[in-house]
Amino acid sequence: MADRRPLRQSLPSLRADRRAVVPVVSKALEAAVVVLFVGLLTTVLFGGVVPDHRDAVADELADRTLSTAVERTETAARLPDSVTRGHRTVVVDLPRSIRGHSYRIRYVQNASVDSDSNTTTPALVLDHPRDAFDRQLPVSLPDSVTVSGTWDSGSDAAVRVTVEDDGTTLELLNGPDTSSGEDDNE
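Please read all numbers here as calculations on a predicted model, not as lab measurements.

### Things to note about the overall build of the protein chain
Inference 1: A tally of helices and strands in the protein chain yields 1 helix and 8 strands.
Inference 2: Order of helices (α) and strands (β) in the protein chain, N terminus to C terminus: α-β-β-β-β-β-β-β-β.
Inference 3: For the protein chain, buried positions account for 26% of its 186 residues.
Inference 4: Partitioning the contacts of the protein chain with sequence separation of at least 6, the portion at a separation of at least 24 is 59%.

### Concerning the pattern of salt bridges
Inference 1: Taken as a whole and assessed by the stated rule, the structure comprises 11 salt bridges.
Inference 2: Salt-bridge contacts for Asp55 lead to Arg130; the nearest nitrogen and oxygen are separated by 3.3 Å. Within this pair, whereas Asp55 is found in helix α1 (residues 4-77), its partner Arg130 is found in the loop between β3 (121-127) and β4 (135-138), the two being separated by 75 residues in sequence.
Inference 3: Note that Asp165 is salt-bridged to Arg85, the shortest N-O span being 3.0 Å. Of this pair, Asp165 sits in the loop between β6 (157-164) and β7 (167-174) while Arg85 sits in the loop between α1 and β1 (86-92); the two residues are 80 residues apart in sequence, bridging distant segments of the chain.
Inference 4: For Arg85, a relative accessible area of 45% puts it in the partly exposed group.
Inference 5: Taken together, the salt bridges that share partners define one network made up of Asp55, Arg99 and Arg130.

### Looking at the side chain of His128
Inference 1: Position of His128 relative to the elements: it lies in the loop between β3 and β4.
Inference 2: You can call His128 buried: its relative accessible area is 5%.
Inference 3: Of note is the side chain of His128, whose polar atom sits 3.0 Å from the backbone nitrogen of Arg130.
Inference 4: Discounting residues that sit within four places of it in the chain, His128 has contacts with Ile98, His101, Ser102, Tyr103, Phe133 and Asp134.

### Observations regarding the environment of Gly167
Inference 1: For Gly167, the position within the fold is in strand β7.
Inference 2: Here Gly167 falls in the partly exposed class, since its relative accessible area comes to 27%.
Inference 3: Here the alpha-carbon distance between Gly167 and Val145, two residues 22 residues apart in the chain, equals 7.1 Å.

### As for unusual backbone geometry
Inference 1: Here Arg99, not a glycine, exhibits a phi torsion of approximately 55°, which is positive.
Inference 2: Within the secondary structure, Arg99 is located in the loop between β1 and β2 (104-111).

### A few points about the confidence of the model for the protein chain
Inference 1: On average, residues of the protein chain carry a pLDDT of 81, and 78% of them reach 70 or more.
Inference 2: The model gives residues 181-186 a pLDDT under 50, and that stretch makes 18 contacts with residues more than four places away or in other chains.

### Quick word on the nonpolar core
Inference 1: Grouped together as the largest cluster of nonpolar side chains are 27 residues, with contacts concentrated most on Leu94, Ile105, Leu124, Trp151, Val159 and Leu170.
Inference 2: Elements with a contribution of two residues or more to this core: α1, β1, β2, β3, β5 (145-152), β6 and β7.
Inference 3: For this core, the element with the highest residue contribution is α1, accounting for 7 residues.
Inference 4: Dropping the residues within four chain positions of it, Leu170 is found in contact with Thr73, Ala77, Leu141, Val145, Thr146, Val147, Ser148, Val159, Arg160 and Val161.

Thresholds, definitions, all that
Residues numbered from 1 in each chain as written. Predicted model: local features only at pLDDT ≥ 70, side-chain atom pairs only at ≥ 80, totals over all residues. Heavy atoms only, no water. Helix = DSSP H or I, 4+ residues; strand = E, 2+ residues; numbered from the N terminus. Buried < 20%, exposed > 50% of the residue type's maximum accessible area, 1.4 Å probe, protein only. Contact = heavy atoms within 4.5 Å. Salt bridge = Lys/Arg side-chain N within 4 Å of Asp/Glu carboxyl O. Polar contact = N/O pair within 3.5 Å; in protein donor to acceptor, adjacent residues only side chain to side chain. pLDDT = per-residue confidence, 0-100. Core = buried A, V, L, I, M, F, W, Y, C linked by side-chain atoms within 4.5 Å.

See the structure below:
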């Protein structure tokens, strides 16, 4: 009988040890479920929902950027008939990037804007590294205007229209010298 006593004394201590393990296992399972939920949620969002939304936003931003560029260019090119010499500089506010990439806007004299490739018109063209965001939009300028230059999205942009005796030039300018605002010498 003396041998049974130590066994009985060890059983309650063994039961107490098992009860102490239950909260630890429970908390570990809770943490595993939370980690699994966060991982699943992250995979769903960044695997489909978020990139699709970012592409839709970039698509809209490309449209608005080119529309703004065309509007500011056409506005700058409208000069009163009484102007014989002078220049005008109009600042164009363009986003620095579209979908995380820089882009370029350039003037194309003979762009095929419609589905008919035989019909061409002057246009501003947005060139983006991802072809899905490339755009072109017709621009209406007087026939006497000569256009030069391009806009790079990484710098300030402006339109400078210069009227001289030999004609009117419109330049798409980049750089810090474009921040002078609107400057009319008419």
